[in-house]
Amino acid sequence: MLEQLLIFTRGGLILWTCKELGNALKGSPIDTLIRSCLLEERSGAASYNYDAPGAAYTLKWTFHNELGLVFVAVYQRILHLLYVDDLLAMVKHEFSQIYDPKRMAYSDFDETFRQLKKEAEARAEDLKRSKQAVGKSLNNSKKQGQMQKAGFEGVTNKSSESNSSNDSEDGDDRKGRKLDNGHSNGNYVHNEESKGNGRANGVENGSSNAGAFDVNKLQKLRAKGGKKTEPAVSKGSKVEPKKKITKKNRVWDDSPPQAKLDFTDSVGENGDNIEVVAADHGESMMDKEEIFSSESEGEEDEEVGKDSKPETRKKGWFSSMFQSIAGKANLEKSDLEPALRALKDRLMTKNVAEEIAEKLCESVAASLEGKKLASFTRISSTVQAAMEEALVRILTPRRSIDILRDVHAAKEQGKPYVVVFVGVNGVGKSTNLAKVAYWLLQHQVSVMMAACDTFRSGAVEQLRTHARRLQIPIFEKGYEKDPAIVAKEAIQEATHNGSDVVLVDTAGRMQDNEPLMRALSKLIYLNNPDLVLFVGEALVGNDAVDQLSKFNQKLADLSPSPNPRLIDGILLTKFDTIDDKVGAALSMVYISGAPVMFVGCGQSYTDLKKLNVKSIVKTLLK
Ligand SMILES: Nc1nc2c(ncn2[C@@H]2O[C@H](COP(=O)(O)OP(=O)(O)OP(=O)(O)O)[C@@H](O)[C@H]2O)c(=O)[nH]1
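Definitions and limits used
Every chain is numbered on its own, with residues counted from 1 as its sequence reads. Selection of residues for local features in this predicted model requires a pLDDT of at least 70, selection of side-chain atom pairs for listing and counting requires 80 or more, and totals for whole chains, interfaces and linings are taken over all residues. Computation of side-chain values: all heavy atoms of the structure, hydrogens and water removed. UniProt positions are given in the numbering used here, feature names are shortened, and annotations may be inferred rather than shown by experiment. Two strands form a pair only when DSSP identifies at least two bridges running between them. Counting from the N terminus, the helices are DSSP H or I runs at least four residues long and the strands are E runs at least two residues long. Note on definitions: angles span 0 to 180 degrees between N-to-C directions of axes, and those axes are lines fitted to C-alpha atoms, for helices only across the stretch in contact. Note on classification: 1.4 Å probe, protein chains only; a residue is buried when its accessible area is under 20% of the maximum for its type, exposed when over 50%, partly exposed between these limits. Any pair of N or O atoms that falls within 3.5 Å is considered a polar contact. Within protein, one atom must be able to donate a hydrogen and the other to accept it, and sequence-neighbouring residues count only if both atoms are side-chain atoms. Contacts are residue-level and defined by heavy atoms, with any inter-residue pair within 4.5 Å sufficient. Throughout this document, a residue counts as near a molecule or strand when at least one of its heavy atoms sits within 4 Å of that molecule or strand. The accessible surface values rely on the Shrake-Rupley method and a 1.4 Å probe; as for residues, cover is taken only from the protein chains in view. Only Asp, Glu, Lys and Arg are considered charged in this grouping, and only Ala, Val, Leu, Ile, Met, Phe, Trp, Tyr, Cys and Pro are considered nonpolar; every other residue, Gly among them, is considered polar. Put simply, a salt bridge is a Lys or Arg side-chain nitrogen that is within 4 Å of an Asp or Glu carboxyl oxygen.

- In the annotation of an unreviewed UniProt entry, the entry for the protein reads SRP54-type proteins GTP-binding domain-containing protein, and the organism field reads Carya illinoinensis.
- In its Sequence similarities (unreviewed entry) section, the UniProt entry covering the protein states "Belongs to the GTP-binding SRP family."
- The UniProt entry for the protein carries the following comment under Subcellular location (unreviewed entry): "Endoplasmic reticulum membrane".

1. Looking at the sheet that holds strand β5 (residues 69–76)
- Overall, antiparallel pairing links the five strands, which are arranged β2-β1-β5-β4-β3 in an open sheet. The sheet terminates laterally at β2 (14–17) and β3 (48–52), the two strands that pair on one side only. Pairwise comparison of adjacent strand axes, ignoring direction, gives a mean angle of 25° for this sheet.
- Pairing of β3 with strand β4 (residues 55–64) involves five bridges; the strand directions are antiparallel. Residue Asp-51 lies in a different strand from β4, and its bridge partner there is Ala-56.

2. So, the side chain of Thr-58
- Within the secondary structure, Thr-58 is located in strand β4.
- By relative accessible area, Thr-58 is classed as buried at 6%.
- At 3.0 Å, the side chain of Thr-58 and the side chain of Asn-49 are in polar contact.
- The contacts of Thr-58, once residues within four sequence positions are left out, are Ser-47, Tyr-48, Asn-49, Ala-73, Val-74, Tyr-75 and Arg-77.

3. Comments concerning the environment of Ile-7
- In this structure, Ile-7 sits in strand β1 (residues 2–9).
- The class of Ile-7 is buried, set by a relative accessible area of 0%.
- Filtering out sequence-adjacent residues up to four positions away, Ile-7 remains in contact with Leu-13, Ile-14, Leu-15, Trp-16, Val-70, Phe-71, Val-91, Phe-95 and Phe-109.

4. Quick look at the site of the ligand
- Contacts to the ligand come from 20 residues, most closely from Lys-429, Ser-430, Thr-431, Asp-576 and Gln-603.
- Lys-429 is positioned such that a nitrogen or oxygen atom in its side chain is 2.8 Å from an oxygen atom of the ligand.
- The separation between an oxygen atom of the ligand and a polar main-chain atom of Gly-602 is 3.3 Å.
- Burial of the ligand by the surrounding chains reaches 82%, relative to a free accessible area of 660 Å².
- When residues of the shell around the ligand are assigned to their parent elements, the largest contribution, five residues, is made by helix α16 (residues 429–442).
- Residues that form the shell around the ligand fall into these classes: two nonpolar, 12 polar and six charged.

5. Observations concerning the pattern of salt bridges
- This structure, assessed with the given rule, holds 23 salt bridges.
- Salt-bridge contacts for Asp-86 lead to Arg-123; the nearest nitrogen and oxygen are separated by 2.8 Å. With Asp-86 in helix α2 (residues 84–98) and Arg-123 in helix α3 (residues 109–149), this pair connects stretches of sequence that are 37 residues apart. The burial state of Asp-86 is the same as that of Arg-123; both residues are buried.
- For Lys-359, the salt bridge identified is with Glu-355, shortest N-O distance 3.4 Å. In this pair, Lys-359 and Glu-355 are both assigned in helix α13 (residues 354–368), four residues apart and thus about one turn of the helix distant.
- Assessed through its relative accessible area of 41%, Glu-355 is described here as partly exposed.
- One salt-bridge network, held together by shared partners, links Lys-344, Glu-354 and Glu-358.

Okay, here's the thing in structure tokens:
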């Protein structure tokens, strides 16, 4: 059963919920969806699973981008409700008809919804029944085929019947799909469901379905002596030579009037050929325009007004390009694709992991589809602006992360503030731990280091050197000790000697190394640090996703606690070595949801900075 359906604005104002459903949802699935999916640019996904104690929900949604509305349906995951997409699409359509930004209450929508839900359920039921019917008929025709093979008279005829039955089935299936495409809600309805829609909505569709196994139809087909698809193919192939015949009209010897050479304007007999050439040309030019936003935008925009008026005239590449820029009423996915593809490539050249670039583009597409393009606005500019917004949103920390404030808060409670540095080997954990220590010292915070890399030889000495240079205490117990215990003793020591902060160095480990990940999980569980800082290299590309997602996954899976601590923040190192390939910052934040708290940009103690979101976004889109 559907648990709830909500309609709210992108600003978060709830306009309508189904009172009839009225079930109190367990946990907070809607808040979680907004926080972890919609706000984090993951809205390109098809659905979202939410688990609460005693409930496992699936959430599906659709946007009306033009009106800025969000429609969310919640149902028990176990039920696999087939009609939800269909229902959402219809609710979106109907609600958009009555939506008024000044209106707050929509109780009149209750009845409409009840009706829409009934219809959607009926269609899903029809679909289920027709599927069963198809299954049965398929079995029957198989059985028939087997009997024929077993030696009945007229074997050839019958077998051709069985063939045509299969062909006919395919043919009708195709027909069904075509009809579905015409369905106004087609974009949002699964193929399966839209098949159902088609059948329920139209007599023609219904008969086409029945016709799949209609004996009369089969006999007619057999009489024609050919597959159902053949005439269509031959029809199609006839069209081509016709086009070619028109080509012959272009006889250069006839010294045609000069005006005919102006292909951009021609509507004459040669129009087809000219249009093909012109259209191709136009498209490729358009692609270029989508990728590189040109400086001469203003000039072109002026032309838009002139050229886009005579709709019926055939257009050359010049005018068709403008039509694609300004002539569209509402943006469709196909309009956005070239610009998004270009943007995805650009993000990837900046070292953004492919998976993330892809998801971001899907999300931007979802946020733009159906939106009206402001007149004279390029699709590429619109897409770029939407992507810029999305990137800023992702990279801007959602909660305030003020370490100095938190350090003082811990101090007031009489305990040290504990930071654990984790990450794979050689990324710069110890060096950047020392930089953070230096930064804290600059802010009159007393620091103690804890040498909990008891695994790699030389690690303790390396940290000791930093401690000596910075003149701060270090807690060390040598090698082959349990790092979780060493950290615990270090924190006790810091509590006794009144250190404000304990910085815990840990051994580098690969995300797949289970024993080491288990040890890290234990260290975190036992000491409950205030901050788990993932140290990652800014040089990584696709590997960033694997590192961070597996670190988080292992910390969750291997923790003895039911509420395991995950990564709280990111320290991105070696930023000085990457030029404009700043994509790792985006990939890491996107995959973990944790903010970049520091950026290491050199090998001296002062080379520690805060991330400048604006400049990163600018570089990513440059
Ligand atoms: N250019 C540059 N080099 C850095 C930066 N941070 C660390 N390094 C260098 O990276 C190398 C590895 O640094 P470490 O601090 O030893 O790395 P680690 O993660 O502690 O290493 P393991 O303990 O083996 O896992 C050293 O040569 C550092 O000088 C940085 O921000 N920029």
